[in-house]
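# Breakdown of the fold
Now for the letters of each chain:
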Amino acid sequence: MDKLLIRGGCRLNGEVLISGAKNAALPEMCATLLSSEPVHLLNVPRLQDVATMRRLLDNMGVKTETHGERGGITFHAADPIKAEAPYELVKTMRASVLALGPLLARFGHATVSLPGGCAIGSRPVDQHLKGLTAMGAEINVEHGYMIAKLPQGRTRLKGARIATDMVTVTGTENFLMAAALAEGETILENAAQEPEIPDLAEMLIKMGARIEGHGTSRIRIQGVEQLHGCTHQVVADRIETGTFLCAVAATGGEVVLKHGRADHLDAVIDKLRDAGVTVTVVDGGIRIQAKEPAYKYLKAQTFRTTEYPGFPTDMQAQFMALNCIAQGTSKVTETIFENRFMHVNELVRLGAHIQIDGKVSVIEGVPKLSGATVMATDLRASASLVIAGLVADGETIVDRIYHLDRGYDQMEAKLRGIGADIERIK
């Protein structure tokens, strides 16, 4: 099993090319099921979850081909397609539920395994089932599978008003894709507003969908009878961008994040500036400048996670690592997932002072961390341990980095390219 060996204490300087967003690429790969014509996706990140989704589509009968452009893949979902997502292929990836809406919308039936993925708390699919049922689907959950079909005599889903009990990103994406081919109008209330949602909507519009309001909490979709192929570039990964911003803030240095979108990270960048870091928008990206040592220049920041455009839960662990070496005491409140403090015990092994009280972590900044062997527990926890290792005295070994490979495109190579002493070991 691969591990990362990090020797801390190196400043970071140079340029990093930000990859396409995993959380945009995965639903957009599923959206290729909506058309029998070829769809070309550009800037697809090279990640384990992307490879798993590609294997899933291959298994359904979708023809996929990597082409010349960086991160370019063509998907051709011509008939016949097997409308099934088996457990063996989706057990490590929660995004597999995104196949349900497109398969049901185009083929009128689907059998999709209940998904697996990170152990960071309950992320139920009941909202997906509620919304698709409102659109006329008949869905049963049997033997670990969601078995969906249209009622006898119907050939298309029907438009509906869908108001979810909570804001759900994958639910919004599933409904967007399903409604694109439904009969009549669908209105999504309480829709997620994350940047990956309007990116998916823009791709669907290129395919011929009629969508308004994407990027707001109320989205209106007029269903069409069929969609066609298109070429679409996956939006830059805001969480990868935020992770590198935190890494540079921790180590000190000056780095330009090419393709980074500051407008997708307002809450994180505001906190970094309040902490004492200089972040500026430059042509084609973001520049960050930070002094060292962090404990002398950084001020600890209190924050709470919430839905976009608030502070993202996917940046909580990385910013907590920064708070560990900042002056003062901070509180971090996690409101999205109930088990997303599993990185705390590992940060404590590195010398951090953190106490947990329910949904709140209290962090007392320390002048330095000390290298140790730590274990990644989920995707973003992995990134927080890497950041901590970059500033810890001595050597840090991060174990179980298969979590990291699910969501970061060659992280250690990118860090090495800007001066980090980091290597992958067996």
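First, a word on what this report is: a plain description of the structure on this page. (Residues numbered from 1 in each chain as written. Predicted model: local features only at pLDDT ≥ 70, side-chain atom pairs only at ≥ 80, totals over all residues. Heavy atoms only, no water.)

### Here's the deal with the nonpolar core
A general trend in soluble globular proteins is that nonpolar side chains are found buried together. Residues Leu176 and Leu204 are the most contacted members of the largest nonpolar core, which totals 75 residues. In contact with Leu204, other than residues within four places in its own chain, are Ala31, Leu34, Leu176, Met177, Ala209 and Ile211. Residues Phe244, Phe303, Ala392 and Leu404 belong to the second largest nonpolar core, which totals 71 residues. (Core = buried A, V, L, I, M, F, W, Y, C linked by side-chain atoms within 4.5 Å. Buried < 20%, exposed > 50% of the residue type's maximum accessible area, 1.4 Å probe, protein only. Contact = heavy atoms within 4.5 Å.)

### Here we look at helix H7 (residues 196-206)
Burial analysis of H7 places eight of its 11 residues in the buried class, the great majority of the element. The set of residues buried in H7 consists of Glu196, Ile197, Pro198, Asp199, Leu200, Ala201, Met203 and Leu204. (Helix = DSSP H or I, 4+ residues; strand = E, 2+ residues; numbered from the N terminus.)

### Considering the side chain of Thr251
One can find Thr251 in helix H8 (residues 238-251). What makes Thr251 buried here is its relative accessible area of 5%. Those residues in contact with Thr251 that lie beyond four places of it in its chain are Cys10, Arg11, Leu12, Glu292, Leu390 and Val391.

### Details of the sheet that holds strand S8 (residues 138-142)
Within the open sheet, the four strands sit side by side as S6-S7-S9-S8. Their pairing is mixed. Across the chains shown, the open sheet's two edge strands, defined by having one partner strand only, are strand S6 (84-85) and S8. Strand direction decides the pairing type here: S6 and strand S7 (residues 109-113), joined by two bridges, are parallel. Bridging across to S7, Glu84 finds its partner in Thr111. (Pairing = 2+ DSSP bridges.)

### Focus: the packing of aromatic side chains
Inspection of the entire model under this criterion finds three aromatic pairs. A ring pair is formed by Phe303 and Phe319, whose centres lie 5.4 Å apart and whose planes are at 75°; its orientation type is edge-to-face. Here Phe303 is found in strand S18 (residues 303-304), whereas its partner Phe319 is found in helix H11 (residues 316-324), with 16 residues between them in sequence. Between Phe311 and Phe319 the ring centres are 5.7 Å apart and the planes differ by 85°, which places this aromatic pair in the edge-to-face class. For the pair formed by Phe311 and Phe319, the shared burial category is buried. Grouped by ring-pair contacts, the aromatic residues Phe303, Phe311 and Phe319 constitute a single cluster. (Phe/Tyr/Trp six-rings, centres within 6.5 Å; stacked < 30°, edge-to-face > 60°.)

### Here we look at the environment of Ser96
Within the fold, Ser96 resides in the loop between helix H3 (87-90) and helix H4 (100-107). A C-alpha to C-alpha distance of 17 Å links Ser96 and Leu379, two positions 283 residues apart in sequence. Residues in contact with Ser96, not counting those within four places in the same chain, are Met53, Val90, Val112, Ser113 and Pro115.

### Focus on the state of the cysteines
Under the counting rule described, the total for this entry stands at zero disulfides. Between Cys30, a free cysteine, and Cys230, which holds the nearest cysteine sulfur, the sulfur-to-sulfur gap is 15 Å. Left unpaired, Cys246 is separated from the closest cysteine sulfur, that of Cys324, by 12 Å. (Disulfide = S-S within 2.5 Å.)

### A short note on helix H5 (residues 126-134)
Since one α-helical turn is 3.6 residues long, residues separated by three or four positions face the same way. When we look at burial in H5, the residues that qualify are Gln127, His128, Leu129, Gly131 and Leu132. As for H5, its buried residues are in contact with H4, S8, strand S9 (145-149), strand S10 (161-163) and helix H6 (169-180). Count one or two residues on from H5 and you reach Gly136, which has phi positive near 105°.

### Points about the packing of H5 against H6
The N-to-C vectors of H5 and H6 enclose an angle of 25°; their axes lie 9 Å apart at closest approach. On the basis of their axis angle, the class for H5 and H6 is roughly parallel. Handedness of the crossing formed by H5 with H6: right-handed. Judged by residue contacts, Gln127, His128, Gly131 and Leu132 of H5 engage Thr170, Gly171, Asn174, Phe175 and Ala178 from H6. The residue makeup of the contact of H5 with H6, split by class, is three nonpolar, six polar and no charged. (Axes fitted to C-alpha atoms, helices over the stretch in contact; angles between N-to-C directions. Parallel < 35°, antiparallel > 145°, perpendicular 65-115°, else oblique. Left-handed = near helix turned anticlockwise from the far one by under 90°. Nonpolar A, V, L, I, M, F, W, Y, C, P; charged D, E, K, R; others polar.)

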